[in-house]
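Here is how the chains run, residue by residue.
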Amino acid sequence: MMRSLCQSLAAIVVALSGATAGAAQSETVLVFAAASAAPAIRAIADPFTARTGISVTVSGAATSTLAQQIVRGAPAQLVLTAHPRWMTHLSDSRAIDATRRTTLLGNELVLIAPLDGATTLEPSFGFALEAALGRDGRLAIGDPTHVPAGIYARQALTTLGVWASVADRLAPAGNVVAAVTFVARGESPLGIAYRTDAALSDGVRVVGLFPASSHDPVRYDLAPVSANMTPAADAFLNHLRSDAARTVFERYGFRVMAAS
Amino acid sequence: MLSPLEIEIITLSLRVSFWAVLIGLPLAIGAAWLLARTTFPGKVLVDGILHLPLVVPPVIVGYALLVLFGRQGAIGSILYDAFGVSFAFNWKGAALASGVMAFPLMVRAVRLSIEAIDQRLETAARTLGANRVRVFATITLPLALPGVLSGAVLAFARSLGEFGATITFVSNIPGETRTLPLAIFNLTQVPGSEAAIGRLVLISIAIALAALILSEVLSRRIGARIRGTPT
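Residues numbered from 1 in each chain as written. Chains lettered and ligands numbered in written order. Predicted model: local features only at pLDDT ≥ 70, side-chain atom pairs only at ≥ 80, totals over all residues.

Let us look at the domain arrangement of chain A. Residue and element names in this part refer to chain A. The assigned domain composition of chain A is domain 1 (27-105 + 219-256) and domain 2 (109-209). Each of domain 1 and domain 2 has a C-alpha centre, and the two are 26 Å apart. If you look at the interface, domain 1 gives 14 residues, while domain 2 gives 16 residues. Partitioning the side of domain 1 that touches domain 2 into residue classes produces 9 nonpolar, 5 polar and no charged. (Domains from an automatic or database assignment. Contact = placed C-beta atoms within 7 Å. Nonpolar A, V, L, I, M, F, W, Y, C, P; charged D, E, K, R; others polar.)

In structure tokens form, the structure reads like this:
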């Protein structure tokens, strides 16, 4: 009885350790991608894996979260950030190979509302954002202290002169996709996200586009994480800059900045 | 010594935990009494459901609260339309999340305490003419007080540390739902915050330690009183 129990335990230990060892041995690329870009990267990865046998794992989260994890030694090979500030932080921390940093994508900032609402509001100087939130509604945005979409949003609202009126009416989310979810669920009457996020969600509609002049251009930078690079990761890095990838990015609504 | 922001975070955390325990404790005592002293069909199932927050991932509790008590939620929309009460994105929602997560801890502690009471004391009171309510108020509850107290302290500490259900349900709003753990989490996302994080960590430890010491002192006094020895 005791012996069989020990044998079962040993078998479980072997199985579990074997699983992780096996994963490490096969060709896997771990990509840390800004939450807004993760779905497109996944769509690009699938045919790439089918063609090359290199499996790609995409971890999508707020750029800030990913950058902090990479600085602390996360085993990602590639990182795609939604705000140059964070890529510069990675560069300053010597985590990435700065010579191979490129700007890959561009995006736009939009005001979103739940699908069933009737709000019409065009982001412009002094627009009636606070009134549109109603008595106690909150504006869902990426947390402006660190999430790129929130940083852009704060900048845009400041330029348009309405930040002070809504600064205590925010529902800050840990990443931009979470902010979209708040709006899609109807918990927030309005939110700010990228155009690509709004297009991916069934529950929200675009109320208006923020003027490009109201905030820094939304730029996604791609770079290899120096300590973790492998030939397989290099292959996927190149693939992300290929025409095939460009087609997918454009289908998702991104502007592709770098070409092969 | 403490910055205004730190005081805001601490006050909010204490307020959220205080209300979570204050509202949760009477309900937990009731549930504990039912489980300890009565039998009814489906008791095992009720027991299991009450303990769910202890075993399911907190993010699931938070999501369930969002679906049920959000502005558009099944219960939340009724509460809002009928009473104007809303749990969405405010500290009451944070207290609700903390209370739900801490509820099983309170029930367990109180229940164990009630089960340890010699039932003959309660029976004797009944034979002397006391009704169930009076027996509960004058015999059961006073004798279960150490369990009530330790359950309350445990729940208070759990509420101070509540993270997953809170951030899922009511987001991370400064001054409204950004309690100590959420504030620490937020700072971990911002480079160069190590000193600020360290301060909040020390504050958290100090509060938790103070709560534990207070409960130890109180339970000794109560224990001594129940045994009839002078304090």
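Having seen the structure, we can now continue with the description.
For helix 8 (residues 145-161) of chain B, spanning 17 residues, the distance from its first C-alpha to its last is 24 Å, which sits close to the expected 24 Å at 1.5 Å a residue. The buried count for helix 8 of chain B comes to 13 of 17 residues, which makes it a mostly enclosed element. (Helix = DSSP H or I, 4+ residues; strand = E, 2+ residues; numbered from the N terminus. Expected span 1.5 Å × (residues − 1). Buried ≥ 20, exposed ≤ 12 C-beta atoms within 10 Å, placed from the backbone.)

All names here are of chain A. Where helix 2 (residues 38-52) meets helix 11 (residues 243-251), the axes come as close as 9 Å, and the angle between the chain directions of the two elements is 140 degrees. Considering only the axes of helix 2 and helix 11, their crossing is right-handed. Between helix 2, through Ala40, Ala43 and Ile44, and helix 11, the contact on the second element is made entirely by Ala245, Val248 and Phe249. (Axes fitted to C-alpha atoms, helices over the stretch in contact; angles between N-to-C directions. Left-handed = near helix turned anticlockwise from the far one by under 90°.)

For the rest of this paragraph, the subject is the pairing of strand 4 (residues 102-107) of chain A. It is a general feature of regular strands that their side chains alternate between the two faces of the sheet. Sheet analysis places strand 4 of chain A next to strand 10 (residues 218-224) of chain A, joined by 5 bridges and oriented antiparallel. Bridge assignment links Thr102(A) to a residue of strand 10 of chain A, and that residue is Leu222(A). (Pairing = 2+ DSSP bridges.)

Now for the sheet that holds strand 8 (residues 190-194) of chain A. Residues and elements named next belong to chain A. Read across the open sheet, the 5 strands follow the order 7-6-8-5-9; overall the sheet is mixed. Edge positions in the sheet fall to strand 7 (170-173) and strand 9 (204-209), since each has one partner strand and no second. The mean angle between the axes of side-by-side strands here comes to 35 degrees, regardless of whether they run parallel or antiparallel. In this sheet, strand 8 lies alongside strand 5 (residues 109-114) in antiparallel orientation, the contact comprising 4 bridges. Counterpart to Ile112 in the pairing with strand 8 is Gly191. Along the sheet, helix 6 (residues 148-159) makes contact with strand 5, strand 6 (139-142), strand 7 and strand 8, crossing strand 6 at roughly 120 degrees. Against the sheet, helix 8 (residues 176-184) engages strand 5, strand 6, strand 7, strand 8 and strand 9, with an angle of about 145 degrees to strand 8.

Moving on to the environment of Val55(B). Position of Val55(B) relative to the elements: it lies in helix 2 (residues 43-55). Each C-alpha atom, one on Val55(B) and one on Leu12(B), is 26 Å from the other, the two residues being 43 residues apart in sequence.

Attention now moves to the sheet that holds strand 4 of chain A. Residues and elements named next belong to chain A. In spatial order, the strands read 2-1-3-10-4-11; together these 6 strands make up an open sheet with mixed pairing. Edge strands, defined here as strands with exactly one partner in the open sheet, are strand 2 (55-61) and strand 11 (255-256). When strand 3 (residues 78-81) meets strand 10, the two strands line up antiparallel, connected through 4 bridges. Across the sheet, residue Leu78 finds its bridge partner in strand 10, namely Pro224.

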